[in-house]
Amino acid sequence: MELKFSTSIKERLDDFLRRELPARLQASFSGQLSNSKIRRLILSGSVFVNGRECRRPAFEIRGLTKITVNFESEKFFYEKQPDDIDFVMTDSDVLFEDENLIFVNKPAFLPVEQTITGNRKNLHDALVDYLWKRNPGLRNPPYAGIMHRLDRETSGVILFTKNRSANKAVHDMFESHNFTKTYLAVCQKPETGRGRYPVRNLCDTFTVEMFMNRISKKSEAAKWGRSSEREGVLYSKTDFKICGEYTYRGKSYFLVECNLFTGRTHQIRVHLSDAGMPLLGDQLYGGPPADRIYLHAWRLACDEGELKFDVRSEFTLLG
């Protein structure tokens, strides 16, 4: 959903939205628009002032100003789900750390950062609390830079920076793709004669390349897929290798190693579904039901310039 406003009144951004948003949302929503939800909406990067993203609730509007609010309507009044986990970070959750970087083992069912949808537990807040407890003499919360993200149900290794001075090198690494980013996925075996790729046995490899775009309506759960359109599409590429088999509730599935060349939204989920091998638990893309989506960030490695690391997170299949 995208809402646009114009104003020439001098006031704070959060005060403006607190006054103007409820009337615009009344026809679509019956929930309550709390002050904290307005703040989270801004902090999540969903608000743009004169075309530029603004994450400051206290930002002062001056002169003629155009404000755009852009968010997924189906999530706006979301409340905490029963399977959101309570998470307190400990030493055992740190996979590797040096003076600038910290790699954390993210559990499933935990958002990486605060969202507009409620005051939910999230990994970033847990990391800040953990670092602060290690340095209780600090007057302000310690810095923890979010350099990439994992979906709420995805587990595994994720990287944060501990100093702003390290951000450029890490950002350049992600932009240049001079690193290894490998996931493990448990997925459905393809039916004989089905699927775009002839994979049947252990050690078989295949590559999926496509132009992706959102294929669902804005009022529905966000879903991406193969697109033949020329505008607004994103190139994506993943290498896959069948590296094992797992039995889940009496049925056999493939364990697949996924090496990403690009990092598009839902990329692995879309690519495996396109190959006739949807992820276990990923019902949005045609996978069989399970207690979670079985996707795990297994390895993050780099040996370029200032950055040298090879960090892995053990993957355990449940059920």
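One can find the structure itself at the top, above this paragraph.
The structure presented is a predicted model; accordingly, all values stated were derived computationally and were not measured. (Residues numbered from 1 in each chain as written. Predicted model: local features only at pLDDT ≥ 70, side-chain atom pairs only at ≥ 80, totals over all residues. Heavy atoms only, no water.)

A. Layout of the nonpolar core. One finds M89, L127, M173, L272, M277 and F309 to be the most contacted residues of the largest nonpolar core, which totals 59 residues. Element by element, the count of residues in this core is highest for helix α4 (residues 123–134), at six residues. Setting aside chain neighbours within four positions, we find L127 in contact with M89, I102, V104, A144 and F160. F16, L25, I61 and I67 belong to the second-largest nonpolar core, a separate cluster that totals 17 residues. (Core = buried A, V, L, I, M, F, W, Y, C linked by side-chain atoms within 4.5 Å. Buried < 20%, exposed > 50% of the residue type's maximum accessible area, 1.4 Å probe, protein only. Helix = DSSP H or I, 4+ residues; strand = E, 2+ residues; numbered from the N terminus. Contact = heavy atoms within 4.5 Å.)

B. Looking closely at the sheet that holds strand β4 (residues 52–53). Sheet architecture is open: four strands sit in the order β1-β6-β3-β4, paired in antiparallel fashion. The sheet is open, and its two borders are formed by β1 (2–7) and β4, each paired with just one other strand. Judged from the three bridges that link them, strand β3 (residues 47–49) and strand β6 (residues 65–70) form a sheet pairing that is antiparallel. Directly across from F48, in β6, lies its bridge partner T68. Against the sheet, helix α1 (residues 13–25) engages β1, β3 and β6, with an angle of about 125° to β1. (Pairing = 2+ DSSP bridges. Axes fitted to C-alpha atoms, helices over the stretch in contact; angles between N-to-C directions.)

C. Up close: the pattern of salt bridges. Tallied over the entire structure, the rule returns 19 salt bridges. In this structure, the salt-bridge partner of R19 is E20, at a minimum N-O distance of 3.1 Å. Between D282 and R269 there is a salt bridge, with its nearest N and O atoms 2.7 Å apart. In this pair, D282 sits in the loop between α6 (267–274) and β16 (295–304) while R269 sits in helix α6, placing the two residues 13 residues apart along the sequence. A relative accessible area of 1% means that D282 is categorised as buried. Here R269 falls in the buried class, since its relative accessible area comes to 10%. Members of the salt-bridge network, linked through shared partners, are R12, D14, D15 and R18. (Salt bridge = Lys/Arg side-chain N within 4 Å of Asp/Glu carboxyl O.)

D. Structural context of α6. Buried residues dominate α6, accounting for seven of its eight residues. Among the residues making up α6, those that are buried are Q267, I268, R269, V270, H271, L272 and D274. In this structure, the buried side of α6 is in contact with β11 (180–187), β12 (205–214), β13 (224–226), β14 (234–248), β15 (251–260) and β16. Looking one or two places after α6, you find G276, whose phi comes out positive at around 75°.

E. Here's a closer look at the pairing of β15. Here β11 pairs with β15 via six bridges, running antiparallel. Following the sheet pairing, A185 is matched in β15 by V256. One ladder, built from 10 bridges, connects β14 with β15; its direction is antiparallel. The residue of β15 that forms the bridge with T247 is S252. Remark: two residues form the turn of the hairpin made by β14 and β15, two consecutive strands paired antiparallel; R249 in that turn has positive phi of roughly 50°.

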